[in-house]
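# Structural overview for review
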Amino acid sequence: MGTEAGDGELAATLRRIERAAGTLATASVGRMDETLPWFRELPAEQRSWVMLVAQAGVRSLVEWLRSLPSSTDRGAGGVTDSPQEVSDEVFAAAPRALARSISLQQTVALIKVTIDVVEQQVPHLAAPGEERLLHEAVLKFSREIAFAAARVYARAAESRGSWDARLQALLVDALLRGDSPDVLASRAAALGWSDAPPVAVAVGRSPGGEVAAVLHTIYRVTRRLGLEMIGGVHGDRLVVVLGGVADPLAATEKLLAGFGPGPVVVGPAVPSLDSATDSARAALAGFRAAPAWPAAPRPVAAADLLPERALAGDPEARRSLRQDVYAALVRAGGELLETLDAFFAANGVLESAARTLFVHPNTVRYRLRRVADVTGFSPLTGRDSFALRMALTIGRLDPSAPVGPGTGH
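Presented here is an overview of the structure given in this document. (Residues numbered from 1 in each chain as written. Predicted model: local features only at pLDDT ≥ 70, side-chain atom pairs only at ≥ 80, totals over all residues. Heavy atoms only, no water.)

Assigned secondary structure in the chain consists of 19 helices and five strands. With 409 residues in all, the chain has 46% of them scored as buried. Long-range pairs, those at least 24 residues apart, make up 69% of the contacts in the chain between residues at least 6 apart in sequence. In the structure as shown, the chain presents an accessible area of about 19900 Å², 54% of it carried by carbon and sulfur atoms. (Helix = DSSP H or I, 4+ residues; strand = E, 2+ residues; numbered from the N terminus. Buried < 20%, exposed > 50% of the residue type's maximum accessible area, 1.4 Å probe, protein only. Contact = heavy atoms within 4.5 Å. Areas by Shrake-Rupley, 256 points an atom, 1.4 Å probe, with all protein chains shown as cover.)

Let us now look at the pattern of salt bridges. Enumeration according to the criterion identifies 10 salt bridges in this entry. Here Arg 205 ties to Asp 236 by a salt bridge, and the two come within 2.5 Å at their closest N and O atoms. One end of the pair, Arg 205, is in strand S1 (residues 199-205); the other, Asp 236, is in the loop between strand S2 (228-234) and strand S3 (237-243), with 31 residues separating them in the sequence. Owing to a relative accessible area of 40%, Asp 236 belongs among the partly exposed residues under this scheme. Put simply, Arg 383 and Glu 308 hold a salt bridge, and the shortest N to O gap is 2.5 Å. Of this pair, Arg 383 sits in helix H19 (residues 382-397) while Glu 308 sits in helix H14 (residues 306-311), and the two are 75 residues apart along the sequence. We classify Glu 308 as buried; its relative accessible area is 5%. When salt bridges that share partners are traced, they join Glu 316, Arg 319 and Asp 324 into one network. (Salt bridge = Lys/Arg side-chain N within 4 Å of Asp/Glu carboxyl O.)

If you look at the biggest cluster of nonpolar residues, it comprises 29 residues, and the most contacted ones within it are Leu 321, Leu 329, Leu 340, Val 364, Leu 388 and Leu 392. At the level of elements, H14, helix H15 (315-332), helix H16 (334-345), helix H17 (350-357), helix H18 (361-375) and H19 are the ones that each hand at least two residues to this core. Ignoring sequence-local partners within four residues, the contact set of Leu 392 consists of Tyr 326, Leu 329, Leu 337, Leu 340, Asp 341 and Phe 344. One finds Leu 171, Val 172, Ala 290 and Leu 305 within the second-largest nonpolar core, a separate group that totals 27 residues. (Core = buried A, V, L, I, M, F, W, Y, C linked by side-chain atoms within 4.5 Å.)

A few words now on unusual backbone geometry. Here the bond from Pro 197 into Pro 198 is cis, since omega is -10 degrees, no more than 30 degrees from zero. If you trace the backbone, Pro 198 turns up in the loop between helix H10 (181-190) and S1. Put simply, Arg 298 and Pro 299 share a cis peptide bond, and its omega is 5 degrees. The topology assignment puts Pro 299 in the loop between helix H13 (276-289) and strand S5 (300-301). Phi angles above zero are rare outside glycine, and Asp 195 is one such case at about 60 degrees. Residue position: Asp 195 is located in the loop between H10 and S1.

A few words now on the side chain of Ser 320. Residue placement: Ser 320 occurs in helix H15. The residues touching Ser 320, leaving out its near neighbours within four places in the chain, are Leu 306 and Val 325.

The buried fraction of S2 amounts to six of the seven residues, a majority that puts the element mostly inside the structure. Connecting the antiparallel pair S2 and S3 is a turn made up of two residues, with Gly 235 showing a positive phi of about 65 degrees. (Pairing = 2+ DSSP bridges.)

Within the secondary structure, Val 214 sits in helix H11 (residues 211-225). Taking the relative accessible area as the measure of exposure, Val 214 reaches 5% and is therefore buried. Along the primary structure Val 214 and Gly 232 are separated by 18 residues, whereas in three dimensions their C-alpha atoms are 9.1 Å apart. Not counting the four nearest positions on each side in its chain, Val 214 is found in contact with Ser 206, Pro 207, Gly 208, Gly 209, Val 233, Leu 238 and Gly 258.

A separate point is the sheet that holds S1. A sheet is described by the order of its strands in space; here five strands give the open sequence S2-S3-S1-S4-S5, paired in mixed fashion. This sheet does not close on itself; its edge strands, each paired only once, are S2 and S5. Looking at chain direction, S1 and strand S4 (residues 265-266) are connected through two bridges and run antiparallel. Note that in S4 the partner of Val 203 across the bridge is Val 265. Set on the sheet, H11 makes contact with S2 and S3; between it and S2 the angle comes to about 155 degrees. Against the sheet, H13 makes contact with S1, S3 and S4, and its axis sits at roughly 25 degrees relative to S1, the strand it touches most. (Axes fitted to C-alpha atoms, helices over the stretch in contact; angles between N-to-C directions.)

Set out below in structure tokens:
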């Protein structure tokens, strides 16, 4: 067994360092004030925290020196190279808020200043004949305390990431439930959400893994795009709320690498977070119905999945097809519905539809263009034709739908 340094060869040096601890901490903070411009701008409270950490650092140096192996264990090479870990307790003197105010890079700069001050004082701190040993020990201590700082910051970031992920999940839950605007506002404020309009919600499959890591992948891209982002993982689904997004589909396309395989559905843009529940529900309904359209683009707008959503039982999709499509055709006059029926019955052949209606084919073309103008769906394209057929079926089956000429009621 070797003799502890504190009991033998460095005992006199350790006593000198202990007596000079306060002076060393004060000199270190003074040097920080002289050499680090950003340190001078810190509030007084945070500067006092740094002083506490500096004092704890000097005490930690003493403890670390006491734990060094004796010369018998070291051999003739000086201070051992075997790892001598510094306890993270050296940073416990300051509140966690300090880690949020000062970056890891700045903390390392503070440590360097403190070590420089201690190194300059080695000739006065070391007992005769122990100068080289103390100098080597201080250098190795600086490396270990930097590692300790990195561990503290890593844990703080992990904890903060986990907390943010939980808070974001709660906000997304509140959105899906349609909670009151006050609940949404308070939870969004805690996450720093500024509610930049417009707002849209995207839903896809989660890639799996730690939730905080999943959200961070999305966050990095949205920050680069200048967008706000809140997200949550619900089962196997990743729900992302985007703020300040002028083109939700284009923005979501840049986020696809953060989603797992499968469809990614984007809800409609809404004015603010208060009304984002509508966008979220549309996106979720679209995500559930998306397997019915295997060739759908990725990402796809929830509005482009109205027929599949209606078949899957989404009441909002049924309402939209009935009110925004079927009712709009009724209000425009019975000839549009009559023309659509004839066109569909003729399997999309204009001439056959014209013969059935006893009109010229150009008249059929004109009416079909009118259908597109009124509803936003063109009967001449496959997807739009499918949506129009669904709208006619739903409108005619629902007794609450408006009745007009040619509706078949």
